[in-house]
Amino acid sequence: MAIFRPEDFGAKGDGRTYDTVPIQETIDRAHRQGGGIVVLEGGRTYLCGTIRLRSHVELHIAMGAVLLASPDLDAYLALGAVDDDTNRRTGTPVTRKPAYVFVYAMDCEHVAITGLGRIDGNGGSFVSRVDRYYVTGTFYPRPTLVYFEHCSHITFSQITLCNVSFWSLHTGGCDDVLIDRIRILNPLDVANSDGIDPDHSTNVRILGCHIVCADDCICLKNTMGNHEYPGTRNVLISGCTLVSTSAALKIGTEGVDDFENILVEHCVISGSNRGISIQIRDQGNVRNVSFRDIIIETRRFSDHWWGSGEPIAITSYDRDESVGASGTISGVRFKDISCRGENGILVSCMPGRICDLLFEDVSVELVRTTKWPVGTYDLRPGIGHGGIVSAPNAAVRLDGAAKVELRNVRARIEPEQGFGPPLSVGEGVSVTGCVEDWR
């Protein structure tokens, strides 16, 4: 395959001179000649504004090379508009396409980003510190690091994404997506610095990745901005290690279309405010989802972040009056799950929204590990609940759900630390099985 180098088109790679034009000319030349590999050399830093990839082009960022995002917002491609109070709904969901993008592809096929180098979002240019636990920006959404829309047969392999001010890797309306052994290393106090966000995407494989970020590590979405595409379905997530200030693995909250056929297996979650979250606030439904062979360790964080240390949280509540009834969650299976942390499993919904859940060979250990108080559950965002509600933290708490089956579910609860019972069952819940005391 042909190799193309931006230095042949005038790139400096010195970290000070803008290399946007020579890199774009290199990508365009490779595309016009039928495809090839555009190589960013190790030991160099390429400062750029928006880069647009083309079909049959692989952007290879070699070990020691850095593709550095511009600190100047005017250097970015503006796709959408900045959300404000006129169009936001409860929970500040994304209601449009990304406002600004660094690495972009649209209507492409057979595109790849590979290599052991880094794409650095220069995130400090767009955020500021609120307090010791929380950093955010003055506009929303801030630049997305990598956004591919309506593309097929796309690959992201071994690359490191870091230092973002908003979402790291967002695929909208894409099919046949392979995300293989990438690293995402973001600060744990920067709001909205999600890791991987498949949005209205199908046939997605996320394999062997290591992700550290604030908000969600891997979050399956169906946003309003990409409503024209089919819902997210046929997703495999396997062999990942995840650390998050919010949820490590999440479905929602943006969910205007259905999520179907999802398998998550062989993952390790640590140091997170939530482990697994299915968080439905829009009209989309969730069905046919399996989680198996997962280790989860949670801890509590500041209330700036959604979650109260739940290893598993499954909820469906109306977002606000403008959205209507939230979708249903059904056919979800948890098997061979080990949970340890400062809260237990939570299932909570408005009547009729959650049914047909199975928890099999699941252990829950409740133990204090931080200074933050126990005795709360976080139901944000949405209406029809109290937000952060006070209640003893049970190993398993069921509110509003129907047809929940517990098979070999065990609990070990640290005494005299303010925790609740092994099992708490609310009004109208139909449950079979019990939570055994694990000594």
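Conventions used here
The residue numbers shown here count from 1 along each chain, following its written sequence. Given that the model is predicted, a residue must reach a pLDDT of at least 70 before its local features are reported, and side-chain atom pairs must reach 80 or more before they are shown or counted; all residues, however, enter totals for whole chains, interfaces and linings. Side-chain metrics rest on all non-hydrogen atoms present in the structure, leaving aside hydrogens and water. Comment: elements are numbered from the N terminus, with helices defined as DSSP H or I runs of at least four residues and strands as E runs of at least two. Here a helix's expected span is defined as the number of its residues, less one, multiplied by 1.5 Å. Categorising residues by exposure relies on relative accessible area from a 1.4 Å probe, with only protein chains included: less than 20% of the type maximum marks a residue as buried, more than 50% marks it as exposed, and the intermediate range marks it as partly exposed. Between any two strands, pairing holds if DSSP finds at least two bridges. Only rings of Phe, Tyr and Trp enter the pairing, Trp through its six-membered ring, and a pair is recorded when the two centres are within 6.5 Å. The plane angle decides the type: under 30 degrees is stacked, over 60 is edge-to-face, the rest tilted. Two limits define a charge over a ring: the Lys NZ or Arg CZ must be within 6 Å of the ring centre, and within 35 degrees of the ring normal.

S.K.: Give me helix α1 (residues 20-32): which residues, what numbers.
M.R.: Helix length check: α1, at 13 residues, gives a terminal C-alpha distance of 18 Å against a target of 18 Å (1.5 Å per residue), a fit within 8%. Every buried residue of α1 is listed here: Thr20, Pro22, Ile23, Gln24, Thr26, Ile27, Asp28 and Ala30. Looking one or two residues beyond α1, the residue adopting positive phi is Gly34, at roughly 95°.

S.K.: Could you give me a rundown of the pairing of strand β25 (residues 241-244), with the residues and numbers involved?
M.R.: Pairing between strand β22 (residues 210-213) and β25: four bridges, direction parallel. In the sheet register, Cys213 faces β25, and the bridge partner there is Ser244.

S.K.: Could you give an account of the side chain of Thr370, with specific residues and numbers?
M.R.: Tracing the sequence through the fold places Thr370 in the loop between β33 (354-366) and β34 (376-378). With relative accessibility at 18%, the residue Thr370 sits in the buried group.

S.K.: Give a detailed account of the packing of aromatic side chains, specifying residues and quantitative values.
M.R.: The final tally for this structure, using the stated rule, is eleven aromatic pairs. Taking 5.6 Å as the distance between ring centres and 90° as the angle between the ring planes, the aromatic pair formed by Tyr140 and Phe166 counts as edge-to-face. One end of the pair, Tyr140, is in the loop between β13 (134-136) and β14 (144-149); the other, Phe166, is in the loop between β16 (160-162) and β17 (169-172), and 26 residues separate them in sequence. Since its relative accessible area comes to 9%, Tyr140 is described here as buried. Overall, Phe166 belongs to the buried group, its relative accessible area being 1%. Consider the rings of Phe334 and Phe359, whose centres lie 4.9 Å apart with planes at 5°: the pair is stacked. Taken as a pair, Phe334 in strand β31 (residues 329-341) and Phe359 in strand β33 lie far apart in primary sequence, 25 residues in all. Per residue, the accessibility class of Phe334 equals that of Phe359, and both read buried. Three or more aromatic residues joined by ring pairs form one cluster here, namely Tyr76, Phe102 and Phe126. Here Arg410 stacks its cationic end above the ring of Trp438, 4.9 Å away from the centre of that ring.

S.K.: Any details on the pairing of strand β21 (residues 202-207)? Residues and values, ideally.
M.R.: Looking at chain direction, strand β18 (residues 175-180) and β21 are connected through five bridges and run parallel. Bridge assignment links Asp180 to a residue of β21, and that residue is Leu207. In this sheet, strand β24 (residues 233-238) lies alongside β21 in parallel orientation, the contact comprising five bridges. Its bridge partner lying in β24, Thr202 is registered against Arg233.

Keep in mind these numbers describe shape, not what the thing actually does.
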